[in-house]
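Here is how the chains run, residue by residue.
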Amino acid sequence: MSFVGSLLGITGFAIGIPVGVSLGFLVFGHTESTDVKSPVVRPIGDFDKDSLIDILPELPLWIKHPDYERVDWLNDVIRDMWPYLDKAICGMIKSMCEPIFSEYIGTYFIRSIDFERLTFGSLPPIIQGIKVHEMNEDNLVFDLAAKWAGNPNIILVLNVLYLPIKVQLIDMQISASVRVTLKPFVPTFPCFSNIFVSLLDKPDVDFGLKVMGGDLMAIPGLYQFIQNIIKKYVASLYLWPQSLEIPVLDASTGAANKPVGILHVKVVRASDLLKMDLLGSSDPYVKLKLSGGRIIPSKKTSVKPKNLNPEWNEEFKLTVNDHMSQVLELHVFDWEKVGLHDKLGMQVIPLMVLKPNEKKELTIGLVKNLDSNDPRNRKPRGSITVELTFVPFVDDTASLNGPIDLYMRKQTVSKKLRSSFVNRAGLLTVTIISAKSVEGKHHNNPFALVVFKGDKRKTKILKKTRDPSWNEEFQFMLDEAPFEDVIHIEVISKRKHKLGFGSSKEALGHVDINLVDVVYNSRINEKYHLINSRNGMIHVDIKWNAT
């Protein structure tokens, strides 16, 4: 009987459970609860003053300030990347702290300072809003409001007289308004070379601090004291206009550097060159250029026909972007009427061997290439002699300030400035940035033509646009400051005929710019109304760097 009773009990349990669950679902699934109410959604304008004050601190920044934009997508990206950002930031902090820690080792009986643990936890910061300012020339500025209620675990161990003292940072909360500047823009990915970070206000920082397991923040008065010290210290370092500079591109990247001087090169002679022609001679010439920097055509000497020991004594000027990293490349070729020119040899000269404003004559042997293991470099290829002088630019803006009026252009400048500037060579850099509202009668394929002292330079043609953006730079080497010179800039539209025979051009406007203001102020960045254009304007940037 006991077996039969147990069997019936198990059977009843197996049947009763499904039946009970089904009855419960039918009864409670179709019965509405009287305790649960739908939330009331009201616009902010319906709140009274007291209620609005209560909820205002909880409102997102993009609601309180319409010029701030919400960036939920950015927060999603930060959340997904946070484990990797945590490791990268911690690694950067360790590398920055190592030289600081090393200064204290050996003082105050400190034997070592190390991180036992360094992590910012699993909770990423939240960007509450972002405001992008108008882009100016070659930088981008934006403000963002960030909050972070994190769970970091940072343990610093100080070994003092063989006694390890552990300092632990936990439960950190930070609220800050940050200004981020990306500059300068460069044609190299990621298209900016530095990040500058500044604080717009003193940050609000809250955290827990334990020393040897004890809560240091529980000591009366100490919490507020440490808060004030942190705010003052951080503000003294990074409160705007001060900033933390984070380099993105290597300083040796030529594209990220601005001109710093002029290299004067005199190709004097070459000796004992190879015989490349059938009659036992060569027709040598030298091609020279600087590594890195802007992509510009190489300079060339004249061709010396049938001469294995040519003398040129020809001078050239090259723009230097980085005196410490760039090298001068010298390539000697044998000129040919038909086909490729034969290479006689080459050599490079690092600019760092040159002292500023000091002429240096070098005679160096030619090689096939720069591979020291190449057996072809053992063959004698002759030598080349050059004279080099690196002349750095100087800052002349400190001597005078302010605009120059017409009378000063004609009288004061020639007497006051020309005596010190006129005999100094320099580099005139003209950047054609963009144009607006340039409209032709028949077509709109604009390009800009720059004419200076008979030298003509052209930008690329942009098809079917009234608002072209070129951002193209042109450089002019000058033997003296262009006090009385005028630069002519013209916008022209060009269209090829459909059948491919010829083309037609249409002038869209021009402007003539006196360069005395450029010499006086070292730089102008202006928008000019185009002459013979209804509403056309052109934006140019002109710089003068004197040596």
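Recorded in UniProt for the protein chain, the comment headed Subcellular location (unreviewed entry) runs: "Membrane". According to the UniProt record, the Sequence similarities (unreviewed entry) comment for the protein chain reads "Belongs to the synaptotagmin family."

Further remarks concern the overall build of the protein chain. Counting its regular elements, the protein chain contains nine helices and 25 strands. In the protein chain, which comprises 547 residues, the proportion classed as buried is 37%. Within the protein chain, residue pairs in contact and separated by at least 24 positions form 65% of the contacts whose partners lie at least 6 positions apart. As presented, the protein chain carries roughly 33800 Å² of accessible surface, and 58% of it is formed by carbon and sulfur atoms.

It is worth spelling out the confidence of the model for the protein chain at this point. Confidence in the prediction of the protein chain, expressed as mean pLDDT, is 78, and 77% of residues score 70 or more. Confidence over residues 397-414 falls short of pLDDT 50; this stretch has 26 contacts with residues more than four positions distant or in other chains.

Right, let's talk about unusual backbone geometry for a bit. For Ser 437, which is not glycine, the phi dihedral falls at a positive 55°. Within the element layout of this structure, Ser 437 appears in the loop between strand 18 (426-436) and strand 19 (446-452). Positive phi values are uncommon outside glycine, yet Asn 471 reaches one of about 55°. On the secondary structure map, Asn 471 appears in strand 21 (residues 469-478).

This paragraph deals with the packing of aromatic side chains. As enumerated under the stated definition, the model contains four aromatic pairs in all. Relative to Phe 333, the ring of Tyr 285 has its centre 5.8 Å away and its plane inclined at 20°; by these criteria the two rings are stacked. Here Tyr 285, found in strand 11 (residues 284-290), pairs with Phe 333, found in strand 14 (residues 327-334); they are 48 residues apart in sequence, far enough to count as distant. Residue Tyr 285 is classed as buried on the basis of its relative accessible area of 6%.

Let us look at the side chain of His 539. By the element assignment, His 539 lies in strand 25 (residues 537-546). For His 539, a relative accessible area of 14% puts it in the buried group. Polar contacts involving the side chain of His 539 include one to the side chain of Asn 525, which spans 2.7 Å.

Two pairing modes exist for strands in a sheet, parallel and antiparallel, and in both the strands are linked by backbone hydrogen bonds. Pairing is antiparallel in the open sheet, where four strands are placed in the order 20-19-22-23. Bordering the open sheet on either side are strand 20 (455-458) and strand 23 (503-514), each of which pairs with just one other strand. Each strand axis lies, on average, 25° off the axis of its neighbour in the sheet, ignoring direction. Relative to strand 23, strand 22 (residues 486-496) runs antiparallel, the two sharing eleven bridges. Looking at the pairing, Glu 490 lines up with His 510 of strand 23.

This part is about the sheet that holds strand 14. The sheet built from four strands is open, its strands ordered 12-11-14-15 with antiparallel pairing. Sheet topology places strand 12 (299-300) and strand 15 (342-350) at the edges, where each strand pairs with a single neighbour. Examined bridge by bridge, strand 11 and strand 14 share seven bridges and lie antiparallel to one another. Counted as the bridge partner of Tyr 285 is Phe 333 from strand 14.

What follows concerns helix 4 (residues 72-104). Trp 82 marks the point of greatest bend in helix 4, at about 65°, and the proline Pro 83 comes within the next four residues. Buried residues belonging to helix 4 abut strand 1 (110-119), strand 2 (126-132), strand 3 (140-149) and strand 4 (153-160). Count one or two residues on from helix 4 and you reach Gly 106, which has phi positive near 100°.

Another point: the environment of Val 265. Mapped onto the elements of the fold, Val 265 is located in strand 10 (residues 261-271). Overall, the relative accessible area of 1% leaves Val 265 in the buried class. Between the C-alpha atom of Val 265 and that of Leu 328, which follows or precedes it by 63 residues, the distance is 9.4 Å. Excluding anything up to four places from it in sequence, Val 265 contacts Leu 288, Glu 314, Glu 315, Phe 316, Leu 318, Leu 328, Glu 387 and Leu 388.

One pass over the structure, following the stated rule, counts nine salt bridges. With a closest N to O distance of 3.1 Å, Glu 116 and Lys 166 form a salt bridge. Linking Glu 116 in strand 1 with Lys 166 in strand 5 (residues 163-185), this pair joins segments that are 50 residues apart in sequence. Using a relative accessible area of 45% as the deciding quantity, one classes Glu 116 as partly exposed. Overall, Lys 166 belongs to the partly exposed group, its relative accessible area being 39%. With its nearest N and O atoms 2.9 Å apart, the salt bridge here joins Asp 455 to Arg 457. On the basis of relative accessibility, which here comes to 30%, the residue Asp 455 falls in the partly exposed class. Overall, the relative accessible area of 24% leaves Arg 457 in the partly exposed class.

The subject of this paragraph is the nonpolar core. One finds Leu 428, Ile 432, Ile 538 and Ile 542 to be the most contacted residues of the largest nonpolar core, which totals 32 residues. When contributions to this core are tallied by element, the ones reaching two or more residues are strand 18, strand 19, strand 21, strand 22, strand 23, helix 9 (516-521) and strand 25. Tallying contributions element by element places strand 25 first for this core, with five residues. Of all hydrophobic cores here, the second largest spans 28 residues; its members include Leu 274, Val 286, Ile 384 and Leu 388.

This paragraph deals with the environment of Asp 541. In this fold, Asp 541 is placed in strand 25. Spatially, the C-alpha atom of Asp 541 lies 6.7 Å from that of Ile 432, the residues being 109 residues apart in sequence. The residues contacting Asp 541, other than those within four sequence positions of it, are Thr 429, Val 430, Thr 431, Ile 433, Arg 523, Ile 524 and Asn 525. A polar contact is formed between the side chain of Asp 541 and the side chain of Asn 525, at a distance of 2.7 Å.

Along any regular strand the residues' side chains alternate between the sheet's two faces. For strand 14, the tally of buried residues reaches seven of eight residues, placing the bulk of the element in the interior. As defined by bridge partners, strand 14 adjoins strand 15 across eight bridges and the pair is classed as antiparallel. Within strand 15, the residue paired with Leu 328 across the bridge is Ile 349.

To continue, consider the side chain of His 323. Note on placement: His 323 falls in the loop between strand 13 (311-320) and strand 14. Here Leu 351 takes part through its backbone oxygen, which lies 2.8 Å from a polar atom of the side chain of His 323.

The rules behind the values
Starting from 1, residues in each chain are numbered consecutively following that chain's sequence as written. Per-residue local features are limited, in this predicted model, to residues with pLDDT of at least 70; the limit for side-chain atom pairs, both in listing and counting, is 80 or more; totals at the level of whole chains, interfaces and linings are taken over all residues. Note that the side-chain values use all heavy atoms of the structure and ignore hydrogens as well as water. UniProt positions are given in the numbering used here, feature names are shortened, and annotations may be inferred rather than shown by experiment. Strands here are runs of E lasting at least two residues and helices are runs of H or I lasting at least four, both read from the DSSP assignment and numbered beginning at the N terminus. Summary of the burial criterion: residues with accessible area below 20% of their type's maximum are buried, those above 50% are exposed, and those between are partly exposed, where the area comes from a 1.4 Å probe applied to protein chains only. By definition, residues are in contact when any of their heavy atoms lie within 4.5 Å. Each accessible area value is a Shrake-Rupley result obtained with a 1.4 Å probe; residue values ignore everything except the protein chains displayed when judging cover. Think of pLDDT as the predictor's per-residue confidence, scored from 0 to 100. Between the rings of Phe, Tyr and Trp (Trp by its six-membered ring), a pair exists once the centres lie within 6.5 Å; its type follows the angle of the planes, with under 30 degrees stacked, over 60 edge-to-face, and the other angles tilted. Two N or O atoms count as a polar contact when they lie within 3.5 Å, although within protein this holds only if one can serve as hydrogen donor and the other as acceptor, and sequence-adjacent residues are included solely when both atoms are side-chain atoms. Strand pairing requires that DSSP identify at least two bridges connecting the strands. Under this scheme, a helix contributes an axis fitted over its contacting stretch, all axes are lines through C-alpha atoms, and angles between N-to-C directions fall in the 0 to 180 degree range. Fitting one axis to the seven residues ending at a residue and another to the seven starting there, the bend at that residue is the angle between the two axes. For salt bridges, the criterion is a side-chain nitrogen of Lys or Arg within 4 Å of an Asp or Glu carboxyl oxygen. Among buried residues, the Ala, Val, Leu, Ile, Met, Phe, Trp, Tyr and Cys ones that are joined through side-chain atoms within 4.5 Å form a nonpolar core.

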